[in-house]
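Residue-level listing of the chains:
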Amino acid sequence: MKSWQILESGNLEQFKLQDIQQDKLSKGKVRVRVRAIGVNPADLMQAMGTHQNPPPIPFSPGFEISGEVSESHSEIYKEGDRVMASMDFGAYQEYVDVSENLLEIIPETVSFTQASAIPIAYGTAYISMLHRGNLKSGESLMIFGATGGVGSRTVEIGAAKGAHVIAIYSKAEEMDYLKSLGADEYINYKTEEIIARAKEITAGKGVDVIADLVGGDMFQKALESVAWEGRILPIGAASGEIPQLTSLDMLVRNASLVGTDFAAYIVNKPKIVRKAFQKLFKWHAKGRLNFPEPNNILPFEDARSVFQKMSERSLKGKTVLTL
Ligand SMILES: NC(=O)c1ccc[n+]([C@@H]2O[C@H](COP(=O)([O-])OP(=O)(O)OC[C@H]3O[C@@H](n4cnc5c(N)ncnc54)[C@H](OP(=O)(O)O)[C@@H]3O)[C@@H](O)[C@H]2O)c1
């Protein structure tokens, strides 16, 4: 089968499309003929050797796919089922073998390209906010990095849960998009005073739940905006700067810092991940959630040029590769 393989860490020239031998399907596993692969910044981190859990070389990178079951040792999934899967690596291939507890049936109303973009962004947003952060309907929720891949899904799920969503953004043309996702309030981090505006919006109380995908300076703003008994959710550091803090920072605010590593949930708590996807599909069926079509749909063969663009930061929106 065709498989994109990382043959040497930190060198995109050594990210190559190869023909590799397919092993016999192991007991308890399901083989999926891949139709679409969701591209994430962490795929490039795997190729560059900067991801927190590097697999042994050679390996195929990537965390999310959709496709059809081609062979099954499971009692739940049968040949021909349309499924999506999360994994900790191994997505850039014609076929993937996965445990049944990492799979989910895709509803008829969701395309392969839509589905391949669900696991990481929606999964991270759901687990961090609802499973870890215990966000409740009626609470205020502020999101740093609201226009990004994960942040936009955080806005959408927060709104679907009934939170009062405050989106932090930088470009005027992004407001309509954030509104379409369900944001109630907008703060421009380049032109507005975030802490003062957050206090004003929450009538002086501070924000109940703050999802931080940016880190750096924004984290200090999160600390100064959080409500008594509020929760700050460190999810990412898109600014490139990991915030430093002391236990006193949380102690004096009577607030909590609640972290999420979604890839670790896939490996260690797959049942929780599956429950999250089932809930998201229920919300979709009720019209509470849309799964937008990715804006870049490219052929599988383009994987290396996609990684090159990611490394130059010139890839915008959500990209999926199809085969
Ligand atoms: N914890 C997990 O399990 C998990 C899972 C997936 C991703 N992540 C991490 O989450 C982060 C976001 O991922 P993503 O895929 O959503 O990235 P993305 O699509 O590149 O989005 C980045 C967002 O951050 C904003 N941003 C970047 N630099 C900023 C700065 N200096 N100040 C303010 N805002 C800034 C961007 O807004 P502008 O365009 O306005 O700059 C954009 O909204 C990454 O660090 C990623 O590694 C973590």
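In what follows, the structure referred to is the one given above.
Residues numbered from 1 in each chain as written. Predicted model: local features only at pLDDT ≥ 70, side-chain atom pairs only at ≥ 80, totals over all residues.

### Quick look at the pairing of strand β3 (residues 29–38)
Among the 10 residues of β3, eight are classified as buried, and the element is accordingly described as predominantly covered. Of the strand pairs in this sheet, β3 and strand β6 (residues 95–99) are connected by five bridges, and their pairing is antiparallel. In the sheet register, V30 faces β6, and the bridge partner there is V98. Here β3 runs beside strand β4 (residues 64–72); their pairing, made up of eight bridges, is antiparallel. Residue V30 lies in a different strand from β4, and its bridge partner there is S72. (Buried ≥ 20, exposed ≤ 12 C-beta atoms within 10 Å, placed from the backbone. Helix = DSSP H or I, 4+ residues; strand = E, 2+ residues; numbered from the N terminus. Pairing = 2+ DSSP bridges.)

### Considering the site of the ligand
In the vicinity of the ligand there are 25 residues, among which G145, G148, G149, G236 and F262 approach most closely. Taken together, the elements giving at least two residues each to the shell around the ligand come down to α1 (41–48), α3 (119–132), α4 (149–161) and α9 (262–268). Broken down by element, the residue count for the shell around the ligand peaks at three residues, all from α4. Tallied by class, the residues present in the shell around the ligand amount to 13 nonpolar, 11 polar and one charged. (Near = placed C-beta within 6 Å. Nonpolar A, V, L, I, M, F, W, Y, C, P; charged D, E, K, R; others polar.)

### Looking at α3
In this model α3 runs just 17 Å from its N-terminal to its C-terminal C-alpha over 14 residues, more than 12% under the 20 Å that 1.5 Å per residue would give. Burial runs high along α3: 11 of the 14 residues are buried. Regarding α3, the residues found buried are P119, I120, A121, Y122, G123, T124, A125, Y126, I127, S128 and M129. Of the residues one or two after α3, N134 is the one with positive phi, at around 50°. (Expected span 1.5 Å × (residues − 1).)

### Topic: the packing of α3 against helix α10 (residues 270–285)
The interhelical angle for the contact between α3 and α10, taken along N-to-C directions, is 100°, at an axis separation of 10 Å. Classed by the angle they form, the pair α3 and α10 counts as roughly perpendicular. Counted together, Y122, G123, Y126, I127 and H131 of α3 and I272, V273, A276 and L280 of α10 form the full contact between these two elements. For the contact of α3 with α10, the residue count by class is seven nonpolar, two polar and no charged. (Axes fitted to C-alpha atoms, helices over the stretch in contact; angles between N-to-C directions. Parallel < 35°, antiparallel > 145°, perpendicular 65-115°, else oblique. Contact = placed C-beta atoms within 7 Å.)

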